[in-house]
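One-letter residues, chain by chain:
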Amino acid sequence: MCAEVCDATCRVLSAHGSQDEDDIRGQVTWCRAVCLDTAHVFDADPGGEEGARACRAAARACSDFLETLG
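If you're wondering where the values come from, they're calculated on a predicted model, not measured in any experiment. (Residues numbered from 1 in each chain as written. Predicted model: local features only at pLDDT ≥ 70, side-chain atom pairs only at ≥ 80, totals over all residues. Heavy atoms only, no water.)

Quick notes on the environment of Ala57
- Here Ala57 is to be found in helix α3 (residues 49-69).
- The class of Ala57 is partly exposed, set by a relative accessible area of 34%.
- When the C-alpha positions of Ala57 and Ala3 are compared, they lie 11 Å apart, and in sequence the two are 54 residues distant. (Helix = DSSP H or I, 4+ residues; strand = E, 2+ residues; numbered from the N terminus. Buried < 20%, exposed > 50% of the residue type's maximum accessible area, 1.4 Å probe, protein only.)

Structural notes on the packing of helix α1 (residues 2-15) against helix α2 (residues 21-43)
- Across the interface, α1 lies against α2 with an axial gap of 9 Å and an inter-helix angle of 165°. With respect to their mutual orientation, α1 and α2 come out roughly antiparallel. At the point where α1 passes α2, the crossing takes the left-handed sense. Residues Cys2, Val5, Cys6, Ala8, Thr9, Val12 and Leu13 of α1 form the contact with α2, whose participating residues are Ile24, Gln27, Val28, Trp30, Cys31, Val34, Cys35 and Thr38.
- For the contact of α1 with α2, the residue count by class is twelve nonpolar, three polar and no charged. (Axes fitted to C-alpha atoms, helices over the stretch in contact; angles between N-to-C directions. Parallel < 35°, antiparallel > 145°, perpendicular 65-115°, else oblique. Left-handed = near helix turned anticlockwise from the far one by under 90°. Contact = heavy atoms within 4.5 Å. Nonpolar A, V, L, I, M, F, W, Y, C, P; charged D, E, K, R; others polar.)

Notes on the layout of surface pockets
- When its volume is computed, the largest pocket comes out at roughly 180 Å³.
- Around the largest pocket, the lining residues are Cys6, Thr9, Cys10, Leu13, Val28, Cys31, Ala58, Ala61, Cys62 and Phe65.
- Contributing elements (two or more residues each) for the lining of the largest pocket: α1, α2 and α3.
- Residue classes in the lining of the largest pocket are distributed as nine nonpolar, one polar and no charged. (1 Å grid on protein atoms, 1.4 Å probe; cavity = no way out; pocket = protein on both sides within 12 Å on 5 of 7 lines; lining within 4 Å. Points joined across faces, edges and corners; volume = space filled by probe spheres on them.)

The structure is reproduced here in structure tokens:
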């Protein structure tokens, strides 16, 4: 789910360069939440460590992006 939401977020943000900052913030915040939720699901799955790491890395990227918005 994390990868799908990240992909959708990238497409939305790149297709609508003139979006309102609140819309951008909402999209990226939603993406971060889904990534963290997905990481927790991977945590419960034996062998899911790599997936959990990737989802947390994506969530950190969302947080970093949100910081640039101020």
